[in-house]
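# Architecture at a glance
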Amino acid sequence: MDSGQEQTASTAGAAPEISVVIPVYRNQSSLVSLCDRLDASLAGEQREYVFVVDGSPDDSLAVLLDLARTRPQVVVIELSRNFGQHAALCAGFEAARGSVVCVIDADLQQKPEDLPRFIAAWREGHDFVSGWRVSRADSLYRRLNSRAMNWLVRAVTGVRLNDWGCPIAAIDRRIVERLPSTGEQRRFLKPAVAQLSSNLTEIKV
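I will try to describe carefully the structure that is included in this document. Within every chain, residues take consecutive numbers counted from 1 along the sequence as written. Local features in this predicted model are restricted to residues whose pLDDT is 70 or higher, and side-chain atom pairs enter the listing and the counts only when it is 80 or higher, whereas totals over whole chains, interfaces and linings include all residues. Hydrogens and waters are ignored; side-chain quantities use all the structure's heavy atoms.

## Side note on the nonpolar core
Remark: nonpolar core denotes a set of buried residues (Ala, Val, Leu, Ile, Met, Phe, Trp, Tyr, Cys) joined through side-chain atoms within 4.5 Å. Categorising residues by exposure relies on relative accessible area from a 1.4 Å probe, with only protein chains included: less than 20% of the type maximum marks a residue as buried, more than 50% marks it as exposed, and the intermediate range marks it as partly exposed. Core analysis: the biggest nonpolar cluster contains 30 residues, and Val20, Ile22, Val24, Tyr49, Phe51 and Leu64 have the highest contact counts within it. Each helix corresponds to a stretch of at least 4 residues labelled H or I by DSSP, and each strand to a stretch of at least 2 residues labelled E; elements are numbered beginning at the N terminus. Those elements that provide at least two residues to this core are strand E2 (18-24), helix H1 (31-41), strand E3 (47-53), helix H2 (60-70), strand E4 (74-78), strand E5 (100-103) and helix H4 (115-123). If one sorts the elements of this core by residue count, H4 sits on top with 5 residues. By definition in these notes, contact holds between two residues if any of their heavy atoms fall within 4.5 Å. Ignoring anything within four residues of it in the chain, the contact list for Phe51 reads Ile22, Val24, Leu31, Leu34, Cys35, Leu64, Val74, Val75, Val76 and Ile77. If you look at the next biggest cluster of nonpolar residues, it comprises 27 residues, including Ile77, Leu89, Ala95 and Leu189.

Here is the structure:
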């Protein structure tokens with residue numbers, strides 16, 4: 001990874017079964033609630049939350065470091081500057097130790113309470129479980145743009161997904177280990193995951 005990442009919380013101990021990778025940029029107001037809801041949703045699971053602070057100019061890093069002092073499941077990675085969401089995801093994937101790696105945004109637009117359904121689908125044998133937003137409040141322009149992008153990615157990859165832009169997902173570790181961590185390919189992580197998958201599914205959120 002060429003993004004100057006610095007891990008600021010210990011990951012010592014046995015590897016958890018579940019890793020949740022969360023890019024962070026200007027999310028200080030939602031981080032405590034996100035952690036609380038992840039804890040409630042994944043209670044009883046061996047888990048870690050890998051927060052990647054992508055050069056955020058607010059107090060997100062300080063909030064996360066404070067959380068990490070009392071919650072051993074919280075892992076904090078700080079990037080040296082803002083590299084963008086895909087680079088942050090790559091840094092999180094490199095640090096994640098779980099057998100399944102879940103992805104969710106930090107702004108609570110996706111519900112942490114949906115993650116158990118994604119994990120259940122992974123346990124049933126799906127190596128890539130992708131979210132499908134069936135009810136969206138976007139403008140007509142954004143919906144049309146999303147449809148065009150979905151069509152284009154399907155045409156290029158040959159993989160049919162209904163919602164290529166949905167951020168919430170669960171990915172088997174064997175796929176994560178094969179993903180590019182540098183170079184132009186990392187800009188297209190979800191298509192790369194889909195092409196590496198042998199048994200993908202979508203879950204409506």
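## Let's talk about H2
Listed in full, the buried residues belonging to H2 are Ser60, Leu64 and Leu67. For H2, the arc enclosing every buried residue in end-on projection is 60 degrees, short of the 170-degree limit, so these residues lie on one face. Seen from the buried face of H2, the exposed residues on the opposite side, beyond 90 degrees, are Arg69 and Thr70. Buried residues along H2 sit in contact with E2, H1, E3 and E4. Here the arc refers to the set of directions running from the helix axis out to each C-beta atom.

## Considerations on the packing of aromatic side chains
Think of it this way: a Phe, Tyr or Trp ring, Trp meaning its six-membered ring, pairs with another when their centres are within 6.5 Å, and the plane angle makes it stacked under 30 degrees, edge-to-face over 60, tilted otherwise. Inspection of every chain in the model, using the stated rule, returns 0 aromatic pairs. Consider the ring centre and the ring normal. A charge sits over the ring if Lys NZ or Arg CZ is within 6 Å of that centre and within 35 degrees of that normal. A cation over an aromatic ring shows up here: Lys204 above the ring of Trp132, its NZ or CZ 5.1 Å from the ring centre.

## Section: unusual backbone geometry
Of note, Arg26 is a non-glycine position whose phi angle comes to about 55 degrees, a positive value. Residue placement: Arg26 occurs in the loop between E2 and H1. A residue is classified by how much of its surface remains accessible, and Arg26, at 54% relative accessible area, is exposed. Within the chain, Leu108 stands out as a residue other than glycine whose phi angle is a positive 70 degrees. Along the chain, Leu108 falls in the loop between E5 and H4.

## Focus: the environment of Leu65
Locating Leu65 in the fold gives a position in helix H2. A residue is classified by how much of its surface remains accessible, and Leu65, at 26% relative accessible area, is partly exposed. Spatially, the C-alpha atoms of Leu65 and Val76 are 7.0 Å apart, while their sequence positions differ by 11 residues.

## Considering the environment of Ile18
Residue position: Ile18 is located in strand E2. A relative accessible area of 0% means that Ile18 is categorised as buried. Sequence spacing of Ile18 and Asp172 is 154 residues, and the spatial spacing of their C-alpha atoms is 9.9 Å. What Ile18 contacts, discounting residues up to four positions off in sequence, is Glu45, Gln46, Arg47, Glu48, Gly98, Val100, Cys102, Ile119 and Arg123.

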